[in-house]
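Architecture at a glance
Single-letter residue listing:
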Amino acid sequence: MPLHSFAEMLPPLSMSRAMWWFRMAAVVTVLAGLAYWGSIVASDAHNGGATSGMPMASFFLIWTAVWGILYAFLIPGKGILDKSPVLAGLVAAVVIAAAWLFLSLNDHGWESNRLLSIGIGGGLGWVMLLNVWGVIWRIQKRIILWTKDNATNGTPMPEKAKAMMRMAFLCSRTNAFLSIPMLFFMAAASHYPMFGR
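What you see is a predicted model, and the numbers here were worked out from it, not measured in a lab.

**Remarks on helix 3 (residues 53–74)**
For helix 3, built from 22 residues, the straight-helix expectation of 32 Å at 1.5 Å per residue is met to within 8% by its first-to-last C-alpha distance of 31 Å. Pro 55, Ser 58, Phe 59, Ile 62, Trp 63, Val 66, Trp 67, Leu 70 and Leu 74 are the residues of helix 3 that are buried. Taken down its axis, helix 3 places every buried residue within 155° of arc, on the same side.

**Focus on the nonpolar core**
Residues Trp 63, Val 66, Phe 102 and Trp 126 are the most contacted members of the largest nonpolar core, which totals 51 residues. Elements with a minimum of two residues in this core: helix 2 (12–47), helix 3, helix 4 (84–105), helix 5 (113–153) and helix 6 (160–191). Considering every element that reaches this core, the biggest residue donor is helix 5, with 16 residues. When sequence neighbours within four positions are dropped, the list of residues in contact with Phe 102 reads Trp 37, Pro 55, Ser 58, Phe 59, Ile 62, Trp 63, Leu 115, Leu 116, Gly 119 and Ile 120.

**Here's the deal with helix 4**
The α-helix advances 3.6 residues per turn, and as a result positions three or four apart in sequence lie on the same side. The first and last C-alpha atoms of helix 4 sit 31 Å apart over 22 residues, in line with the 32 Å expected at 1.5 Å per residue. Those residues of helix 4 that sit buried are Leu 87, Val 91, Val 94, Val 95, Ala 98, Ala 99 and Phe 102. For helix 4, the buried positions fall inside an angular range of 135° around the axis, keeping them on one side. Exposed positions of helix 4 whose direction lies more than 90 degrees from the buried face are Pro 85, Ile 96 and Trp 100.

Rules used throughout
As a convention, each chain's residues are numbered from 1 in the sequence order in which they are written. Confidence filtering applies because this is a predicted model: local features only for residues at pLDDT of at least 70, side-chain atom pairs given and counted only at 80 or more, and all residues used for totals across whole chains, interfaces and linings. Side-chain numbers come from the whole structure's heavy atoms, not from hydrogens or water. Secondary structure elements follow DSSP: runs of H or I no shorter than four residues count as helices, runs of E no shorter than two count as strands, and numbering proceeds from the N terminus. Helix span, expected: 1.5 Å multiplied by one less than the number of residues in the helix. For every residue, the accessible area obtained with a 1.4 Å probe (protein chains only) is divided by the maximum for its type, and the residue is called buried under 20%, exposed over 50%, and partly exposed between those limits. Relevant arc is that of directions from the helix axis to the C-beta atoms, nothing else. Working definition of a nonpolar core: buried Ala, Val, Leu, Ile, Met, Phe, Trp, Tyr and Cys residues. They are joined through side-chain atoms within 4.5 Å. The contact criterion used throughout is that any non-hydrogen atoms of two residues lie within 4.5 Å.

Limitation: the analysis is restricted to geometry and does not speak to function.
Below is the structure:
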C-alpha cells in the first residue's frame, strides 16, 4: 500500500505508534540475529585457528555499501530509472554481486555453511534495517507532521511530499522483495548446506 494511502487512513498519532513498533521490531530482530551470527563466527574462527575479523568487517562493509548503492537507485528519478523492472534488475544485480563478494572474501576453508548463509541473509536484513531507519522513517516523520498540520490548519502538503512518498514506497517494496532471499538464506544456514563445510 502506498504511503500516501496509509497516511490518509490513520490519524498522525496512530501512525507514530504503528511506525514505532515497526522500527523497534526491525532493531530487535537485527540485534538478535547479529548476536547469534557473531557466536557462530567466533566458534568457526576458533575451530579454524583464525580470527573473526574478516567475516565481521566484510559483512558490515559490503552490506552497508549495498545500502548506499540502493539508496542512490531508489531516489525517484525520471526516465528508465523510474521503471520498476529496471530498478528490480539493478537491485538484484547489486545483491548478487555483494553475496559473491562476501563469499569470495570468506573462503578460507574454516567458514561453515551457517556462517556464510547467515552472512548473506543477515546482510539483506541489515540493508532492510538501514532502509527502515535511514529512509522510510525519516520520510514518514515528515509526512506525519505535514498530515497533522494539514488536518489542524489546512496547510497544503509540500510539493516535495510526492517524491518523498515515492521513495518511501520504493524502499518498502525493496524490503518486501529482499525478505524472500533473506528468509531463504537464513533457513539454508541449518537446512540446506550449499557453502563452506
